[in-house]
Amino acid sequence: MLRTFLAAALLPLALAACQAQDSASGAPPLAGAAIGGPFTLVDSKGDTVRWSDFDGKYRVVYFGYTYCPDVCPTDVGRIMRGYAKFKAEKPELAKQVVPLFISVDPARDTPAVVGEFTNAFSDDLIGLTGTQEQVDQAAKEFAVYVEKGEANEEGGYLVNHSSAAYLMGRKGEPIALLPVETVDDGTAIAAELAKWVH
């Protein structure tokens, strides 16, 4: 179990290493990777949302959960700061990018809860959830590791999951990982968006 978790946790690092090597050649670092695919989820209003609904737009995809005590809000905050900086610098191109937060904890992350979480970061961030089956399918398509932790005495629990922010292309193809590990004012993520969004 630990080996599986470590492998999943190290996947973004391995992909990041590939990204550093491939970006010099000009080719998208995740080109050809088996990441992304069709899903059906619901948004904060409870409306059905499909992966294909975003065809023609670039997508930033991040899997997490609203009860996450540290990593998720930190990553999402960095993503949206980077997106806001990109939007300020290139407003027309930013209109072509849809940031998505997909819950891995549908039991607690109802549409309303997800909406409250995403609205705290940006009106541009779309929160998605669904049934357990729907969420499992979406996570599988994006090769996201998810494991529910043991409940405490109050019934609360953590969800172990791999964390990566994927930039996907207009046809849903994987392009690059956004540098959510970089601590700055959003410059690194904005620069990565500027590199690939045209």
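All of these numbers come straight from a predicted model, not from anything done at the bench. Residue numbers run consecutively from 1 along every chain, following the written order of its sequence. Only residues with pLDDT of at least 70 are given local features in this predicted model, and only at 80 or more are side-chain atom pairs given and counted; all residues enter the totals for whole chains, interfaces and linings. In computing side-chain values, all of the structure's heavy atoms are included and hydrogens and water are not.

Summarise the environment of Asp184; cite the residues concerned and give the values.
Topologically, Asp184 is positioned in the loop between β9 (174-178) and α6 (187-196). Considered as a pair, Asp184 and Arg81 are 103 residues apart in the sequence and their alpha carbons are 9.1 Å apart. Within 3.5 Å is the distance limit for a polar contact, defined as a pair of N or O atoms, with the added protein rule that one can donate a hydrogen and the other accept it, and that residues adjacent in sequence qualify only through two side-chain atoms. Engagement of the side chain of Asp184 in a polar contact is seen with the backbone nitrogen of Ala188, the distance being 2.9 Å. The secondary structure listing takes helices from DSSP runs of H or I that are at least 4 residues long and strands from runs of E that are at least 2 residues long, numbered from the N terminus.

Now, about the packing of helix α2 (residues 71-89) against α6: what can you tell me, with residues and values included?
Between the N-to-C directions of two axes lies an angle of 0 to 180 degrees, each axis being a line fitted to C-alpha atoms and, for a helix, fitted only over the stretch in contact. The N-to-C vectors of α2 and α6 enclose an angle of 55°; their axes lie 7 Å apart at closest approach. As the angle between them shows, α2 and α6 are arranged oblique. Of the two possible hands of crossing, α2 and α6 adopt the one that is right-handed. Packed against α2, whose contacting residues are Arg78, Ile79, Gly82, Tyr83, Lys85, Phe86 and Glu89, the element α6 presents Thr187, Ile189, Ala190, Leu193 and Ala194 at the interface. Of the residues belonging to the contact of α2 with α6, the class tally is seven nonpolar, two polar and three charged. Any angle that falls under 35 degrees is termed roughly parallel, while one over 145 is termed roughly antiparallel, one within 65 to 115 roughly perpendicular, and all others oblique. By convention, the crossing between two helices is left-handed when the near helix turns anticlockwise from the far helix through less than a right angle, and right-handed when the turn is clockwise. When checking whether two residues touch, look at their non-hydrogen atoms; a contact exists if any pair is within 4.5 Å. When residue character is reported, Ala, Val, Leu, Ile, Met, Phe, Trp, Tyr, Cys and Pro are called nonpolar, Asp, Glu, Lys and Arg charged, and the others, Gly included, polar.

Go over the packing of aromatic side chains with me, naming the residues and quoting the values.
Any pair of Phe, Tyr and Trp rings, taking the six-membered ring for Trp, is counted once the centres come within 6.5 Å. Such a pair is stacked with planes under 30 degrees apart, edge-to-face with planes over 60 apart, and tilted for the rest. This structure, assessed with the given rule, holds eight aromatic pairs. Both rings, one in Phe39 and one in Phe142, keep their centres 6.5 Å apart while their planes meet at 45°; by these two values the pair is tilted. Here Phe39 is found in the loop between α1 (2-22) and β1 (40-42), whereas its partner Phe142 is found in the loop between α5 (132-141) and β6 (146-148), with 103 residues between them in sequence. For the exposure calls, accessible area comes from a 1.4 Å probe over protein chains only, and a residue counts as buried if that area is under 20% of its type's maximum, exposed if over 50%, partly exposed in between. We classify Phe39 as buried; its relative accessible area is 4%. Overall, the relative accessible area of 0% leaves Phe142 in the buried class.

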